[in-house]
Structure formats: structure tokens, C-alpha cells
2 protein chains.
Amino acid sequence: MEYRLLDGKATAARLRAEIAAEVEQIVKNGGRRPALTAILVGNDPASQTYVANKDKSCKEVGFAGDVLRLPETTTQEELIKIVNDINANSSIDGLIVQLPLPKHINPQAVIAAISPDKDVDGFHPQSAGKMMLGEETFLPATPMGIMTLLKEYKINTAGMNCVVLGRSNIVGRPMANLLSQKGIPGDCTVTMCHSRTKDLAKYTREADIIVAALGIPNFVSADMVKEGAIIVDVGINSVEDKSRKSGYRLVGDVDFDAVAPKCSYITPVPGGVGPMTIVSLMQNTLKAYKAKAL
Amino acid sequence: MEYRLLDGKATAARLRAEIAAEVEQIVKNGGRRPALTAILVGNDPASQTYVANKDKSCKEVGFAGDVLRLPETTTQEELIKIVNDINANSSIDGLIVQLPLPKHINPQAVIAAISPDKDVDGFHPQSAGKMMLGEETFLPATPMGIMTLLKEYKINTAGMNCVVLGRSNIVGRPMANLLSQKGIPGDCTVTMCHSRTKDLAKYTREADIIVAALGIPNFVSADMVKEGAIIVDVGINSVEDKSRKSGYRLVGDVDFDAVAPKCSYITPVPGGVGPMTIVSLMQNTLKAYKAKAL
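Everything quoted here is computed from the prediction, not taken from an experiment.

Q: Which residues make up the overall build of chain A, and what are the values?
A: Scanning chain A from N- to C-terminus turns up 10 helices and 11 strands. What you see for chain A is a C-alpha radius of gyration of 19 Å, in line with the 19 Å of a compact globule of 294 residues. By its C-alpha atoms, chain A is 55 × 40 × 40 Å across when sized along the principal axes. Here chain A, with 294 residues, has 48% of them falling under the buried criterion.

Q: Give a detailed account of the packing of helix α5 (residues 125–132) of chain A against helix α5 (residues 125–132) of chain B, specifying residues and quantitative values.
A: α5(B) packs onto α5(A) with a crossing angle of 95 degrees between their chain directions and a minimal axis gap of 6 Å. When the axes of α5(A) and α5(B) are compared, the pair comes out roughly perpendicular. On the side of α5(A), the interface is formed by P125(A), Q126(A), S127(A), A128(A), G129(A), K130(A) and M132(A), while α5(B) contributes P125(B), Q126(B), S127(B), A128(B), G129(B), K130(B) and M132(B). When the residues that make up the contact of α5(A) with α5(B) are grouped by side-chain class, the tally is 6 nonpolar, 6 polar and 2 charged.

Q: So what's going on with the relation of the copies chain A and chain B? Residues and values would help.
A: Expressed as a screw transformation, the operator carrying chain A onto chain B has a rotation angle of 180 degrees and an axial translation of 0.0 Å, and the superposed copies differ by an RMSD of 0.0 Å. What the rotation and shift describe, once combined, is the action of a two-fold rotation axis. A high fraction, 100%, of the interface residues of chain A reappear at the interface in chain B, so the copies pair face to face through one surface.

Q: Can you break down the sheet that holds strand β2 (residues 36–41) of chain A residue by residue, with the values?
A: Residue and element names in this part refer to chain A. What the 3 strands build is an open sheet, ordered β3-β2-β4; its pairing is parallel. Of all strands in the sheet, those with a lone pairing partner are β3 (67–70) and β4 (94–97), marking the two edges. Neighbour to neighbour, the strand axes of the sheet diverge by 15 degrees on average, direction disregarded. By the bridge criterion, 4 bridges tie β2 to β3 in an arrangement that is parallel.

Q: Tell me about the pairing of strand β11 (residues 263–266) of chain B, and please be specific about residues and values.
A: Residue and element names in this part refer to chain B. Examined bridge by bridge, strand β1 (residues 4–5) and β11 share 2 bridges and lie parallel to one another. Bridge assignment links R4 to a residue of β11, and that residue is Y265. As paired elements, strand β8 (residues 229–233) and β11 share 3 bridges and run parallel to each other. Looking across to β11, one finds that I230 is bridged to Y265.

Q: With reference to specific residues and values, describe the interface of chain A and chain B.
A: Tallying the contact residues gives 26 residues for chain A and 26 residues for chain B. Considering each element in turn, the side of chain A that touches chain B owes the most residues, 7 residues, to α5(A). Taken together, the residues of the side of chain A that touches chain B sort by class into 9 nonpolar, 10 polar and 7 charged. Pairing of strand β6 (residues 189–193) of chain A with strand β6 (residues 189–193) of chain B involves 3 bridges; the strand directions are antiparallel. The residue of β6(B) that forms the bridge with T191(A) is T191(B).

Q: Can you break down the domain arrangement of chain A residue by residue, with the values?
A: Along its sequence, chain A is carved into domain 1 (30–115) and domain 2 (141–274). Taking only C-alpha atoms, the centre of domain 1 of chain A and the centre of domain 2 of chain A are 29 Å apart.

Q: Could you give an account of the nonpolar core, with specific residues and numbers?
A: Across soluble globular proteins, you tend to see nonpolar side chains buried next to one another. Core analysis: the largest hydrophobic core is formed by 171 residues, its most contacted members being I210(A), V211(A), I210(B) and V211(B). Every residue in contact with I210(A), bar those within four places of it in the chain, is listed here: V163(A), L165(A), T204(A), V220(A), V225(A), A229(A), I231(A) and V232(A).

Q: Can you lay out the packing of helix α6 (residues 141–152) of chain A against helix α7 (residues 172–180) of chain A for me, pointing to particular residues and giving the numbers?
A: Residues and elements named next belong to chain A. Here α6 crosses α7 at 35 degrees, and the two axes come no closer than 8 Å. Every pair of crossing elements has a handedness; the one defined by α6 and α7 is right-handed. Between α6 and α7, the residues in contact are P143, I146 and M147 and P174, M175 and L178, respectively. Of the residues contributing to the contact of α6 with α7, the split by class is 6 nonpolar, no polar and no charged.

Q: Before we move on, could you go through helix α7 (residues 172–180) of chain B and cite the residues and values that matter?
A: Counting buried residues along α7(B), 9 of its 9 residues qualify, which places the element largely inside the surrounding structure. What α7(B) keeps buried is the set G172(B), R173(B), P174(B), M175(B), A176(B), N177(B), L178(B), L179(B) and S180(B).

Q: Can you break down the pairing of strand β4 (residues 94–97) of chain B residue by residue, with the values?
A: Residue and element names in this part refer to chain B. The side-chain alternation of β4 yields two buried faces, one formed by G94 and I96 and the other by L95 and V97. Of the strand pairs in this sheet, strand β2 (residues 36–41) and β4 are connected by 4 bridges, and their pairing is parallel. Paired with I39 across the strands is V97, a residue of β4.

Q: Let's hear about the sheet that holds β2(B): which residues, and what values?
A: Note on sheets: strands pair through backbone hydrogen bonds, and any given pair is parallel or antiparallel. Residues and elements named next belong to chain B. Within the open sheet, the 3 strands sit side by side as β3-β2-β4. Their pairing is parallel. The sheet is open, and its two edges are formed by β3 (67–70) and β4, each paired on a single side. Put simply, the sheet's adjacent strands are angled 15 degrees from each other on average, direction ignored. Each of β2 and β3 is contacted by helix α2 (residues 45–60), which is oriented at about 170 degrees to β2, the strand it contacts most. Taken strand by strand, helix α3 (residues 76–88) contacts β2, β3 and β4, and its axis lies near 175 degrees from that of β2.

Q: Tell me about α3(B), and name the residues and values.
A: With 13 residues, α3(B) extends 18 Å from end C-alpha to end C-alpha; this agrees with the ideal 18 Å at 1.5 Å per step. In this structure, the buried residues of α3(B) make contact with β2, β3, β4 and α4 (107–113) of chain B.

Q: Tell me what's going on with the confidence of the model for chain A, and back it up with residues and numbers.
A: When pLDDT is averaged along chain A, the result is 96; 99% of the residues meet or exceed 70. The ipTM value of the predicted complex is 0.95, and its pTM value is 0.96.

Q: Explain the environment of G42(B) to me, using residue names and the numbers behind them.
A: All names here are of chain B. Among the secondary structure elements, G42 is positioned in the loop between β2 and α2. Sequence separation of G42 and P174 is 132 residues, and the distance between their C-alpha atoms is 28 Å. Not counting chain neighbours up to four residues away, the residues in contact with G42 comprise E72 and P102.

Q: Kindly report on unusual backbone geometry, identifying the contributing residues and their values.
A: The residue after V269(A), namely P270(A), is reached through a cis peptide bond having omega -5 degrees. Of note, P270(A) is situated in the loop between β11 (263–266) and α10 (273–293). For D187(B), which is not glycine, the phi dihedral falls at a positive 55 degrees. Tracing the chain through its elements places D187(B) in the loop between α7 and β6. We classify D187(B) as buried; it has 22 C-beta atoms within 10 Å.

Criteria and thresholds
Residues numbered from 1 in each chain as written. Chains lettered and ligands numbered in written order. Predicted model: local features only at pLDDT ≥ 70, side-chain atom pairs only at ≥ 80, totals over all residues. Helix = DSSP H or I, 4+ residues; strand = E, 2+ residues; numbered from the N terminus. Rg over C-alpha atoms; globule rule 2.2 N^0.38 Å. Buried ≥ 20, exposed ≤ 12 C-beta atoms within 10 Å, placed from the backbone. Axes fitted to C-alpha atoms, helices over the stretch in contact; angles between N-to-C directions. Parallel < 35°, antiparallel > 145°, perpendicular 65-115°, else oblique. Contact = placed C-beta atoms within 7 Å. Nonpolar A, V, L, I, M, F, W, Y, C, P; charged D, E, K, R; others polar. Least-squares fit on C-alpha atoms with pLDDT ≥ 70 in both. Pairing = 2+ DSSP bridges. Domains from an automatic or database assignment. Core = buried A, V, L, I, M, F, W, Y, C linked by C-beta atoms within 7 Å. Left-handed = near helix turned anticlockwise from the far one by under 90°. Expected span 1.5 Å × (residues − 1). pLDDT = per-residue confidence, 0-100.

So, in C-alpha cells, the structure goes:
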């Protein structure tokens, strides 16, 4: 089968250009730049990379804002105090707290302290609840980016059998919710599979859409996929590759080379869901800015 | 197959007795009675019956509280003002606003005005969000009652294939969420089906558990159910029955007489999910009372 790439990289680039043009217009009209603040506690190397990438992307579209790097020894009280200060700072539109936090800090308490108006990650319980209830809110960036990508390619998902692999709060669970809601994309019959699912391939082989968010390299193999399926690969796994200078390469949760020929559409890794996640965070920040400007 | 009833009526009676004993002890120790206030706007006959039943059940276990009956012409601002007054009244533990509200009132705005600490219906976005994220909160009464019933009968749901029929915010959606979360009951592979699902019987025939919440009388027929399935019937539909003095009888979404012989467990209608819903509301009210007493 001739498959088509769901090109997150190109789509995100186009959306970034739209955001940049809008910001330029705002500034030309004498407006303040939208501003995102990211808080990073401790020295987790992966988190440092993620936060730096988000910050760089935001700067590229003309956002203001910065990264607050706090020591590993920051207490929960100190962190919540800083969150409250940012909540009260009217020149900051969006606030994200990079997870995971050090073990002595309760992430639920910190996320709950973020003002829902600035919760551009969509992790606050109120944001999650509004999403579940189908109300207007900030959607979490990865599921939001996937919905945008399906819309971009005009995929009519109504009535499709969708299987979501993984039940995390930031990807699997919101993804299942959004795809089952009324609308396009949406109106899917959604099955959520996870580590306790028996005979998982039985579900995936029937699926019109598979969203793989398990974090297991190359987990979805060709025999698990039916002809013509649409595959969205959320996995970003680092595997050893001695042929590369870095010694590793990134692979998804889907065995791309084997699976792609059976698909109608498939996201590459990298260049699929990843760029859509970051641009969704930027869209949310611009939305927070505009909501305040009203 | 010899099926077993999931007896909501008997289970709810036992739980009511537990609550009544606890309230009696509280009062004996000089404590205030837990109090639930229900607000009813307008004259919808079904709503009047529901609210009267809830009020009666609460009185039976020794709760205080009452029903505020407001005229159909009540404005949204007036209603929210009343909600705020009850939020601020420390002698009221739980507040429910009976839905549907008259057309000129936005139910989202009213529900959002309820203090999450008194949201014993679990309809506030923050309650819905915490439920979705697996955090401690008030669960909506019907899904909560079903979880309690499955626990009562020690049904080990881990790894079961569960099909939820219906995607409403108060039953189908939270039910799918709870059954897919870690824990017992839980850890199911959950498929949510709805009006846009194609070939719905294909899903139900594979299901170990079916939760039917569509509101269509006798929708689930014997050929849609596999041998040994567990059936939870949320439907309460009134159908004409000239053999009865009232002229009607209540039936579920499941064709009980035909389906029961194929099941391992099944809820009757009435006497299944209905009583569990009301007792769950009472459990939430007692929980709200105790959370405040701490």
C-alpha cells in the first residue's frame, strides 16, 4: 500500500509561522509579547533538554518569557510560593512546571497551585475536567497536537475504531477522551489498552486508528496492524546505534519500516507527534494571552 | 447458565444502615448531622420525583438538609447567588443542583459555581478532572455506585474486556475512566461505544463486562452477549404496560429475561444500579461532612 506521512514537522512549521505573524502584528500595534515561563527544578538531563527546546521554540515565534532554573533542594513551599507569584504577574500568560519534580515535592500539589488561566500544559485538574466534559479549556499538548494533525490531513474519523495504547494522564487518557467526543476529529469508538490488557494484538488488528503511547521501542509490529490503518506514534525512545556518532538513535513505539507499507497514514519518529506537541504549547500560550487581552 | 443477581437494592440497604449507624454515633457524641441541600428550579415532574427520593433517603439515614424549590423564572444570577450563599454556609456539607435547568440558565456556569468541597454529585470540572487523573475526589454517583457493587461481589475485573455503551458526562465517560484505571475494580481494557459506533454488536459480543447506559429500552439482546458475561444495566426506561394499574413499567437498556440466562452476573431493573446511585450520593455527603470535621 502507498502510505502517506502525517508530517508533523511541516505542519508544525506552518503553524509556527502563523503564530509568529500574529505576534509580529501584535507588537506592531504596540502590544506586549505573549510570555511563557517554564520552571525547572533540579538537574534531570532529559528535562533540561525538553525545557531548552520549548524555550527556544517560543523565542523563535517572538514570545517573551524565560526558564526559571531552581536547585534540586527547593522545597515544595518555596516552589508553590514562586508559582503563586507568577500567577499574580500579569505580564506572564502561561506557566509550565517541568515534570518529573524531585521526590520530596508532590507534583499534584504544585500543578494544582497553577492558575487555570495560565495552565498552558492543560495538567491542572480543572483543565482535565473541562476537557473530559467537552468544555472549552487548555488541552494537554500531545493529544492536542495529534488532533490538529488529524484535522490538517482532513481525516474523517467518525465511526472509526480507534485503539489507544497506554493510559497515561498526559497522553493516553486524554487522547481516548478527545477521540470519543462528538466532532471531527472525534466520534470514534475508542478502546484504551494498557499493561493489563490481555491479547492486545486482537484489539490493534481491528483498529482503523492506532495511537501508540507506551514508551516501548518498536512495540507495534506489522502483524498487529490491519491494511489501511492510520498510525500515530507518540513514542520517542532512545536506542543504541553504534553506526551513529552519538551512539544512539530515536525510534517510536511502532516498527516504522515494517508497519508503514500496510498503512494509509503514519507519523514518522522523529518529525511526527514531537513537533506538534511543542507547537500546541505555543498555541495554548497565545490563547492564554488573547483571553487576558479581551 | 445459572446467573447471579448484582443486587443493588440489598447492597444499598446495607450501606444505608452503615451510614445511619455512623450518623447516630455522631449525634450521640454531640455532633451536628451531615446536611445535604438540593436545589430544584422549575416544575419538571421527573426532576421533582428524583429530588424528593434523594431527600427522603437522606432523611432516612439521619441527614439534615432540605430541598430549595425555586420558580422556573429564577435567573442565572439569582441561582448563582444562592449557590454562593450555600457554599458559605458551614452547616451545609453537600449541594446538588438538579438537572436539567430551565433553558435560560447555563448549567455549566451554575455547576462551576458550586464549591468543589460540597460537590457531592461530582459534576464540577475540578471533580471530573481529579477523577480522570486518578486523584481523590467526589465521584459521580452512578459510576461510583457501580464500582461499589462490583467490589461488593468481589468481581476481579483486572484484564477484562469491558464495553461501555453511551458516552454521557455523568455515566458513560466516567465509567470508562474508572474501569480503565489501576486497581480493583479497574484494570479493564475499556471500549466506549456510542451512537456513532459501527457494528456495535461486534464489540459487545466480545465483552466480559457490558455497562449499558444508552437510555434505549431492551436495547441489549441475547445475541449481543457472550456466555458468562457480566451485565450492568444503567437504563431506567418507562414503557407502556396495560396490564398494570399505572399503565407503565420500568425496564432497563438490557432485555433482562433473554439476556440473564447467558450471564454470570446481571443487575435487575429496578433494584440494581438505581439504589446504588442514591446511596453513593449519601456516602459522598458523609465524606464531605467528615472532610470538614477534620
